[in-house]
Amino acid sequence: MAIKQTSAATPAAVPERHGHKWLLSAPALIILILAASGPLLIVLVYSFLTPGNFGGVVWRFSTEAWFRVFFSRDIFDPEVVSLNHAHLAIFWRSVSLALQTTVICAILGFPTAWFIATRPQHTRAFWLFLITIPFWTNLLIRTFAIQEVIRNQGLINTTLMRLGLTDAPIQMMYTDFAILVGMAYVFLPLMVLPLYAAMDKLDIRLIEAGYDLYASRWQVLRRIVLPLVKPGFVAGSILVFIPSIGAFVTPRVLGGGRNMMLGNLIELQFGQGRNWPLGAALAMTMLVLVVGALIFYIRYVGRTEDAGREHG
Amino acid sequence: MATPAPKPASTPAPGARVTEIEIGALSKTFGRGAQAFRALSDVSVSINRGEFFTLLGPSGCGKTTLLRLIAGFEQPSGGTLRIGGREVAGLGPNQRPVNTVFQNYALFPHMSVAENIGFGLRMQRRPAAERRETVDRMLRLVRMEAMADRRPTQISGGQQQRVALARALAPQPRVLLLDEPLSALDLKLRKEMQSELKRLQLETGITFVFVTHDQEEALTMSDRVAVMSEGRILQTGTPEEIYNRPADRFVADFIGDTNFLDAVVQDITATHAVVRLPGGARLAANLPAGGGTAAGATVTVVIRPEHARLVGDSADGPADEGAVLSGQVERSVFFGTDTHVHLRLSDGTPFVVRRQNTAAATPPPEIGREVSVALAGGAVQVLRN
Ligand SMILES: Nc1ncnc2c1ncn2[C@@H]1O[C@H](COP(=O)(O)OP(=O)(O)O)[C@@H](O)[C@H]1O
Ligand SMILES: [Mg+2]
């Protein structure tokens, strides 16, 4: 029904002849091909080669790397095959931690962006500036700073023990919690900025109209503000989810060796593991995961078309 | 939150005046210290139930501020505000039986026309069947049945306007506030919507408080008009009172074309005075409410151009009966239905006479001719000093 109405309202698009205008986009196309598709192609090719003894690849076709992404062979009898539970667990951890990071950033980012968007116009630049300050510092340094706060002899634990609230330090380092804190801290600005942009466009009179029509604060938030800033949430979630799922500095420093994420697993294959094809196959797997998640998200969550519709 | 459903304004018995909104010495100051700006000072007015009441004034005079105080978007700095007999100070907009039609309509872009109209009812938790029924009735009322499923971006400005009206009327408020709702429409659509609004107001019997800076709109639509300037109400009255008996130079000047003359009060009663006009003619004049002048005082009087007539100008008028002013023709401006003849009186004051362009009308007097002016009875109004 909605589609029918749309086509009834907007006159059918008149096809236009563009001539050779596409030439104007040639520089962008070349950069896209060289910078995006080129490396991807190399990774794809590498994933079908044979690992060299000391790293690198031997130019011999093999599907072994792809097989090893999902399955493992028995050490004594290569014919005995089982699912690679270690890899699957890491896939799952990565997706799960990235999702949790995204949700935490959304929950913290909304009030932060709202605070900035409701400041007087001339002070907003200052608050946005504060949000971007962490970007100035190296990621590794920021991660070590978090470590200083949460480690056993760190800021939180020493304070708690001084106050006599606990006897022994609470173990926070080398847990999923530490990874979540680190990733949420690092990626929060990526949620705040698009949310702020969406809120900035929000017409304050729509909120007043909501109150005028007997909505409570909660109803105004749920029925008017949230549906209208949803594009900000969608953009922010994508910006946070993608780097989260591939993060490797934060899980390495804060999660220790035991709590690996996909990024660490891939890094391992190119480093100590000396299995470049497996690393390449894992990287491609991650790409598929991300693209799949994005498609799912945009189709089922990011659709702004039906936002706020009266269901049933 | 869930306001007790306001009773649909019951039609008052003919002649009986029930006060719906009672505003007493209301004031509003924005900012504080050196930045403080007094947007409203000492505004008092009562608005009757079922009335089409208009706030008229130039841009920046405080019309929107007064409306926002009534709606509850702003809290007053002083004074009282009662709606339906209840003091509403401290109540939020969602607790007042008042709905607003916003200047830019403020329709929810993510909802269909029908969902916009049903929003207030939904927030009031009215039963679904009642909501559906009311939304359908509102869609018919504003003739938007065919557009129920469209988004606000998919309909024209005039249609958005009607949806905004329907959305504000659907919860059956006691009072509907309209902030320059027609100012964004082109002239033709505007005329249509003026009669549409008037029809809606009569059909629903809801009290309308209408804001405009357009004097013609105010005169043609309103039961009563309050003329505002610089945060104050200068005069409140029916369109006829405001137009024919302006109390104040600002009011006279803002509404319609006006001639201002200096006159001297010769004799005075409670409601009338005898004044001497420039040139020596003595005439009865209306005094403003509250009087305030004494015999011997110099006052300003106003005379509407259409209340003056050039003596001996038309075939049906008496030859030179009742001439009170004389002057020289400076120019004539043709307006279609009438022509404005600009004179300079013998003492140098400019004066305009409006001449109806009937089929039998002769051409206006040529420039430079000496003419005499006669006035209709009751044409002279004394202004407050
Ligand atoms: N929130 C506000 N803060 C400061 N000044 C305001 C505010 N709202 C209105 N004003 C001032 O109050 C005066 C009256 O404004 P307004 O009520 O909008 O006038 P109108 O609707 O008659 O054009 C204007 O001078 C305006 O600048
Ligand atoms: Mg205004």
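Per an unreviewed UniProt entry, chain A goes by ABC transporter permease and derives from Rhodobaculum claviforme. Under the UniProt heading Sequence similarities (unreviewed entry), the note attached to chain A is "Belongs to the binding-protein-dependent transport system permease family. CysTW subfamily."

**What about unusual backbone geometry?**
With phi around 60 degrees, A:Y174 is a residue other than glycine that occupies positive phi space. Within the element layout of this structure, A:Y174 appears in the loop between α7 (155-162) and α8 (176-201). Although it is not a glycine, B:E180 sits at a positive phi angle of roughly 40 degrees. Mapped onto the elements, B:E180 comes out in the loop between β7 (175-179) and α5 (187-204). Classification of B:E180 by relative accessible area gives buried; the value is 10%.

**Re the UniProt feature "domain: ABC transmembrane type-1" (unreviewed entry) in chain A**
Annotation from UniProt places "domain: ABC transmembrane type-1" (unreviewed entry) at residues 91-299 of chain A. As annotated, residues 91-299 of chain A comprises 78% helix and 0% strand, and the C-alpha atoms at either end are separated by 22 Å.

**Quick notes on the domain arrangement of chain B**
If you check the domain split of chain B, you get domain 1 (15-244) and domain 2 (257-382). Relative to domain 2 of chain B, the C-alpha centre of domain 1 of chain B lies at a distance of 39 Å.

**A word on the packing of helix α4 (residues 85-117) of chain A against helix α5 (residues 121-132) of chain A**
Residues and elements named next belong to chain A. Look at α4 against α5: their axes get within 9 Å of each other, and the N-to-C directions meet at 150 degrees. Taken as axis vectors, α4 and α5 run roughly antiparallel relative to one another. Counting all contacts with α4, which are made through T112, F115, I116 and A117, the residues of α5 involved are R124, W127, L128 and I131.

**Here's the deal with the sheet that holds strand β4 (residues 78-83) of chain B**
Residue and element names in this part refer to chain B. Read from one edge to the other, the open sheet built from four strands follows the order β2-β1-β4-β5, with strand pairing classed as antiparallel. Looking at strand neighbours, the two that pair on one side only are β2 (37-48) and β5 (86-87), the edges of this open sheet. Two strands pair when backbone bridges link them, and strand β1 (residues 19-30) and β2 are joined in this way by eight bridges, in the antiparallel orientation. Looking across to β2, one finds that E22 is bridged to S46. In the packing of helix α1 (residues 63-71) onto the sheet, contacts are made with β1, β2 and β4, and the angle to β1 comes to roughly 120 degrees.

**Notes on the interface of chain B and chain A**
Counting from both sides, the interface comprises 36 residues of chain B and, opposite them, 26 residues of chain A. If you look at where chain B meets chain A, you find one salt bridge. For the pair chain B and chain A, the number of links is eight residue pairs in polar contact (both at pLDDT 80 or more). The element contributing the most residues to the side of chain B that touches chain A is helix α2 (residues 113-123) of chain B, with five residues. The residue makeup of the side of chain B that touches chain A, split by class, is 16 nonpolar, 10 polar and 10 charged.

**Some thoughts on the site of ligand 1**
Residues and elements named next belong to chain B. Inspection of the region around ligand 1 gives F30, F37, A39, P58, S59, G60, C61, G62, K63, T64 and T65 as its neighbouring residues. With respect to ligand 1, the backbone of K63 contributes an N or O atom lying 2.9 Å from an oxygen atom. Between an oxygen atom of ligand 1 and a side-chain N or O atom of T64, the distance comes to 2.5 Å. Burial of ligand 1 by the protein amounts to 59% of the accessible area it has alone, namely 560 Å². Mapped onto the shell around ligand 1, the elements with two or more residues apiece are β2 and α1. Sorting elements by how many residues they give to the shell around ligand 1 places α1 first, with three residues.

**Here's the deal with the environment of B:R68**
Along the polypeptide, B:R68 turns up in helix α1. B:R68 sits 121 residues away from B:L189 along the chain, and the two C-alpha atoms are 26 Å apart. Discounting residues that sit within four places of it in the chain, B:R68 has contacts with A:E208, B:F73 and B:E74.

**Focus: the sheet that holds β7(B)**
All names here are of chain B. Across the sheet, six strands lie side by side as β6-β7-β8-β3-β9-β10; this open sheet has mixed pairing. At either margin of the open sheet sits one strand with a lone partner, and together these are β6 (98-101) and β10 (232-237). Strand after strand, the sheet turns through a mean of 20 degrees between neighbouring axes, direction not considered. As paired elements, β6 and β7 share four bridges and run parallel to each other. Note on β7: the bridge partner recorded for V98 is V175. Against the sheet, α1 contacts β3 (52-56), β6, β7, β8 (207-212) and β9 (224-229), and its axis sits at roughly 150 degrees relative to β7. The strands touched by α5 are β3, β7 and β8; relative to β8, the strand with the most contacts, the crossing angle is about 160 degrees.

**Description of helix α3 (residues 128-141) of chain B**
Helical periodicity: at 3.6 residues per turn, an α-helix aligns residues three or four positions apart in one direction. All names here are of chain B. Compared with the 20 Å implied by 1.5 Å per residue over 14 residues, the 20 Å span of α3 between its first and last C-alpha is a close match. Those residues of α3 that sit buried are R131, T134, V135, M138, L139 and L141. Across the axial projection of α3, the buried residues extend over an arc of 155 degrees, all falling on one side. Exposed side of α3, more than 90 degrees from the buried face: A129 and R132 are the residues found there. Where α3 is buried, its residues meet α2, α4 (157-169) and α5.

Definitions and limits used
- All chains use their own residue numbering, which begins from 1 and follows the written sequence.
- Note on labels: chains are lettered from A, ligands numbered from 1, in written order.
- Under the rules for a predicted model, residues below a pLDDT of 70 receive no local features and side-chain atom pairs below 80 are neither given nor counted, while totals for whole chains, interfaces and linings still include all residues.
- Side-chain figures throughout are based on the complete set of non-hydrogen atoms in the structure, without hydrogens or water.
- UniProt positions are given in the numbering used here, feature names are shortened, and annotations may be inferred rather than shown by experiment.
- Strands here are runs of E lasting at least two residues and helices are runs of H or I lasting at least four, both read from the DSSP assignment and numbered beginning at the N terminus.
- Accessible area is worked out with a 1.4 Å probe on protein chains only. A residue is then buried under 20% of its type maximum, exposed over 50%, and partly exposed in between.
- Throughout the structure description, domain borders are defined by an automatic or database domain assignment.
- Every axis corresponds to a line fitted to the C-alpha atoms, with the helix fit spanning only the stretch in contact, and the corresponding angles, defined between N-to-C directions, vary from 0 to 180 degrees.
- Reported orientations rely on four angle classes, namely roughly parallel under 35 degrees, roughly antiparallel over 145, roughly perpendicular from 65 to 115, and oblique for the rest.
- The contact definition used throughout considers only heavy atoms, calling two residues in contact when any of these lie within 4.5 Å.
- Strand pairing is defined by DSSP finding a minimum of two bridges between the two strands.
- When a carboxyl oxygen of Asp or Glu lies within 4 Å of a side-chain nitrogen of Lys or Arg, that pair is called a salt bridge.
- Polar contact criterion, stated in full: a pair of N or O atoms within 3.5 Å, where within protein one must be able to donate a hydrogen and the other to accept it, and residues adjacent in sequence count only if both atoms are side-chain atoms.
- All residues other than Ala, Val, Leu, Ile, Met, Phe, Trp, Tyr, Cys, Pro, Asp, Glu, Lys and Arg, Gly among them, are scored as polar; the first ten of these are nonpolar and the last four charged.
- Distances are taken per atom, and a residue is near a molecule or strand as soon as one of its heavy atoms is within 4 Å of it.
- Each accessible area value is a Shrake-Rupley result obtained with a 1.4 Å probe; residue values ignore everything except the protein chains displayed when judging cover.
- Here the expected span of a helix is defined as 1.5 Å times the quantity of residues minus one.
- Directions pointing from the helix axis toward each C-beta atom define the arc.

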